[in-house]
Every structure is written in structure tokens, then in C-alpha cells.
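Geometric and topological summary
As a plain string of letters, each chain reads:
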Amino acid sequence: MKLATQTTVKTLGDYAYQAIEKHFKKTLKWEKSVKKDEDPEALHQMRVGMRRLRTTVTSFGLAMDLPKPVNDKNIGKIARRLGSLRDLDVLKESLENNYKPNLPRKEQESLKTAFKALAKQREDVESSVQKTLKDESYKSLKDALDKWLEKPNYQPLASFTIQQVLPDLLLPEVSSFLVHPAWLVGTEFVESEVIIQKNWKPQKIEKQLTTEGEIIHSLRKEAKRLRYQMELFTDLYGESYAAYLTEVKNIQEILGTMQDSAVLTDWLTDVFNSEIQTELPTLAALLTENRYQSWQKWQPLQERYLKAETKHSLHLTILHPLSGVLG
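Below you will find a few notes about this structure. It should be emphasised that the depicted structure is a prediction, and the values quoted were computed from it without experimental measurement.

Another aspect to go through is the overall build of the protein chain. Tallying secondary structure elements over the protein chain gives twelve helices and two strands in all. In sequence order, the secondary structure elements of the protein chain are arranged as α-α-α-α-α-α-β-β-α-α-α-α-α-α. Here the protein chain has a C-alpha radius of gyration of 22 Å; the compact-globule value for 327 residues is 20 Å, and the two agree. Expressed as a percentage of its 327 residues, the buried residues of the protein chain come to 46%. Sequence separation of 24 or more characterises 79% of the internal contacts of the protein chain that already satisfy a separation of 6 or more. A total accessible area of about 17,100 Å² is found for the protein chain, and carbon and sulfur atoms account for 51% of it.

Spelled out as C-alpha cells, the structure:
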């Protein structure tokens, strides 16, 4: 099947094909470099390509008749392996660039222990990535996608014009995002109205993040899924959609910064077998400040997305793609 150009893409099947080809090619483009382990950026790009491919397969699954190896579980497993390695690279990068330069000499010396532990951990995870890229499941995924792109098979739904199904594809993910329990972290109900607790001291925020960290991390993942799905259809919507997409991305990044900081704190606690306030007091203070600043950025967005008008407006935006594009 010849790939439809952007101006002639009209059916759900056309969109599915275009998205699968794009993200599959991106994943393959970086594979050689990841196998050589020569560039952290290559690993990042391949991981993103694999995650986007997974979103595409799950989003368009109802329109495509995909071979057995091309499934959410298989792609997810490969993406997670790449992700584990990437997370360690991000952790090292963050320690080296964001924190180490701001530490006194004594704490910089102490960090050598952390970098040594990190290098050992990375070695182990790197070998599991290499094993994954040689595994039968990865090879069969590539072969199956190659064959499908050569000769695609579709479900009957693929023949729908995109405007007939687009809102129905996006709205379930939007709803999951909007009713996520993490929106209520640090709030209370007063006569059925949600009130956000403001002016919290850093210690109070730390306590909240310790007890609710998993829920917040879960919303970050939900935001990422929604962002990837929305990005598949940017050419079919206007400015309001683009603004919402920017906010979803912003939410994902703010929650990500919060989570990464908490992960780094936990990891350092394990490495030094003690609370890092004792071993690395300046670094501990910087990490707490980092989470405090992220919380200040998060709260206005939290307040906005708890409002019925915001939710209603997002739903309306999704319900009304650009008629000119879809005519």
C-alpha cells in the first residue's frame, strides 16, 4: 500500500498506517547506535519511538489487523528495558549537571561513591538491553511490522473517515486523565467544592509527596499517554487543541521533575545506607527545594483542571476538529 500524503489522508486506516510507519522507522533509525551504546541521545530517541509506537498500536488497534508479535505487551516490555537504561542516564546527567556544581567540595567527594554505584548498575542494565535487542520477541516484532507495512490488513472500522471516529478515539483517554485521583492530592472538599491547600511549607509538601508519590507518578504516565495520542492528530485541530496539548505536556514535565527528584533521593538513600540529610546535607536541601518549586508550578495547573469549565472546554475542543481539513 502506498502511504497516503497528508492532504489525502482521510480514513482511520490511512492515519493508522502513517503513524505506525513513522514511529517504527524512528525506532529502527537509532537501533544501531543503541547497540553500540555510543550516544545517550540515541537511547532516548529509540525509547520515545518505541513508546509512541505502543501508543499508536493501542490507539488504532480497533482499525488494524496486526500480526501476533505486534502487541501492547511485547512493545511495552522492550520500551521498559530501554527506559530502565535511560532513567539511569538521566539520573547521572541530573547529578552531574544540576546538583554537583552547587555542592561543597566534601559532598562532591562523597558523590564519587554514588557515581561508582551508578556505573555498576548501568553495566547490568545495559547488558539486559543488549539481550533484549537480540531476543526473538524483538526480531519477530520487527519482521512482523515490516511485513504488515508491505501488505497492511485492516479491520472494517478502518474505512471510516477520520472525522466520524476521531473524538471517540481521543475522549476515553481525555476522561481517564481528567478523573485521575492525583488531581485531588493536597485538596479538601468543602460543601462539594474542591479547595486546594495553598501556602504549604516545604516539610508539609515533602510529607504529602512521600504518601502520595505513586498516585502523582501515575498521573504523569496518564499525561504522557494522552500527549502521545493527541500528537497523532495535531493537523486535524486548531489553536485551542494546540494550547491544551502544550498544557498536558507541561503537566507531564512538572510531575516528572517532582518524581525524578524523589527517585534520586531514594536511590541515594540506598547507596549510602542512610538518610542523605546526614551524608549530603546540601544536596538533600537542593532536592527538597526542587520539589517545592515544582509543587508551586503544579498547583495553578491543578486548580485549572479541577474546574468544570476547563474540562468542558477540552471536551468541546476534541468534539470539533477542523471542518476544513475534514471536508
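Below, the discussion takes up a positive patch on the surface. A surface patch of like charges, here positive, comprises Lys73, Lys77, Arg80, Arg81 and Lys131. No other element matches the four residues that helix H3 (residues 72-99) contributes to the positive patch. One can find Lys73 in helix H3. What makes Lys73 exposed here is its relative accessible area of 69%.

According to the stated counting rule, one finds eleven aromatic pairs in the structure shown. Ring geometry for Phe177 and Tyr305: centres 6.0 Å apart, planes at 75°, overall edge-to-face. Note that Phe177 is positioned in helix H6 (residues 162-178) and Tyr305 in helix H10 (residues 281-305), a separation of 128 residues in sequence. The pair Phe177 / Tyr305 is uniform in exposure class, with both members buried.

What counts, and at which threshold
- Residues numbered from 1 in each chain as written.
- Predicted model: local features only at pLDDT ≥ 70, side-chain atom pairs only at ≥ 80, totals over all residues.
- Heavy atoms only, no water.
- Helix = DSSP H or I, 4+ residues; strand = E, 2+ residues; numbered from the N terminus.
- Rg over C-alpha atoms; globule rule 2.2 N^0.38 Å.
- Buried < 20%, exposed > 50% of the residue type's maximum accessible area, 1.4 Å probe, protein only.
- Contact = heavy atoms within 4.5 Å.
- Areas by Shrake-Rupley, 256 points an atom, 1.4 Å probe, with all protein chains shown as cover.
- Patch = residues over 30% accessible without salt bridge, like charges linked within 9 Å, V, L, I, M, F, W, Y side chains within 5 Å.
- Salt bridge = Lys/Arg side-chain N within 4 Å of Asp/Glu carboxyl O.
- Lys, Arg positive; Asp, Glu negative; His and termini not counted.
- Charge placed at Lys NZ, Arg CZ, Asp CG, Glu CD.
- Phe/Tyr/Trp six-rings, centres within 6.5 Å; stacked < 30°, edge-to-face > 60°.

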